Amino acid sequence: MTIRALYEEELDRLQKNLENYAKVQAEEHGLKVSFEYNDEFPETANHKENADKVRFVAKAIGMKLVELHEAIRGSEDFGYYTKLTKGAFFFIGNGEDYPHIHTDEYDFRDELIKTGVELFKGLVKL
């Protein structure tokens with residue numbers, strides 16, 4: 001079975017509820033139950049202090065910030081990294097009304113390279 005949720009806290013709660021339900025059902029029907037797990041896709045979650053640094057630098061260099069209202073699983077690799085150290089995942093993008101990156105209409109705007117360099121330079125200086 002694959003279970004999914006936006007946040008690991010929700011996923012943990014869902015897993016616990018499913019385990020408890022399975023144990024009750026197994027006991028009622030004279031069955032045995034066991035569980036095995038494989039965390040293939042950890043959540044992509046920011047640490048507040050690092051996200052605050054990104055916000056601070058972005059505002060200091062005059063970048064417009066657009067906060068996501070819902071979690072996304074943008075990078076499994078990043079999810080593994082933030083299990084080991086603190087981090088903040090962010091996008092430097094073309095804007096909300098620009099074609100999505102995985103479409104034929106998308107075209108990378110070269111001026112974003114300078115934007116990214118300035119943002120990372122500011123982060124290094126903190």
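Residues numbered from 1 in each chain as written. Predicted model: local features only at pLDDT ≥ 70, side-chain atom pairs only at ≥ 80, totals over all residues. Heavy atoms only, no water.

Caption draft 1: Seen up close, helix 3 (residues 76-84). Listing the buried residues of helix 3 in full gives F78, G79 and T82. Looking straight down helix 3, one finds its buried side chains confined to an arc of 105 degrees; they lie on one side. The exposed set on the far side of helix 3, more than 90 degrees from its buried face, consists of Y81 and L84. (Buried < 20%, exposed > 50% of the residue type's maximum accessible area, 1.4 Å probe, protein only. Helix = DSSP H or I, 4+ residues; strand = E, 2+ residues; numbered from the N terminus. Arc of directions from axis to C-beta.)

Caption draft 2: Expanded view of the pattern of salt bridges. Tallied over the entire structure, the rule returns 8 salt bridges. Between E8 and K83 there is a salt bridge, and its shortest N-O distance comes to 3.3 Å. Highlighted residues: E8 in helix 1 (residues 8-28) and K83 in helix 3, separated in sequence by 75 residues. Measuring nitrogen to oxygen at the nearest pair gives 2.8 Å for the salt bridge that ties E111 to R109. We classify E111 as partly exposed; its relative accessible area is 46%. We classify R109 as partly exposed; its relative accessible area is 27%. Overlapping salt bridges bring together K48, D52, R55 and E67 as one network. (Salt bridge = Lys/Arg side-chain N within 4 Å of Asp/Glu carboxyl O.)

Caption draft 3: Representation of a nonpolar patch on the surface within the structure. There is a patch of nonpolar side chains on the surface, built from M1, L14 and L18 and spanning about 320 Å² of accessible area. Mapped onto the elements, L14 comes out in helix 1. For L14, a relative accessible area of 31% puts it in the partly exposed group. (Patch = residues over 30% accessible without salt bridge, like charges linked within 9 Å, V, L, I, M, F, W, Y side chains within 5 Å. Areas by Shrake-Rupley, 256 points an atom, 1.4 Å probe, with all protein chains shown as cover.)

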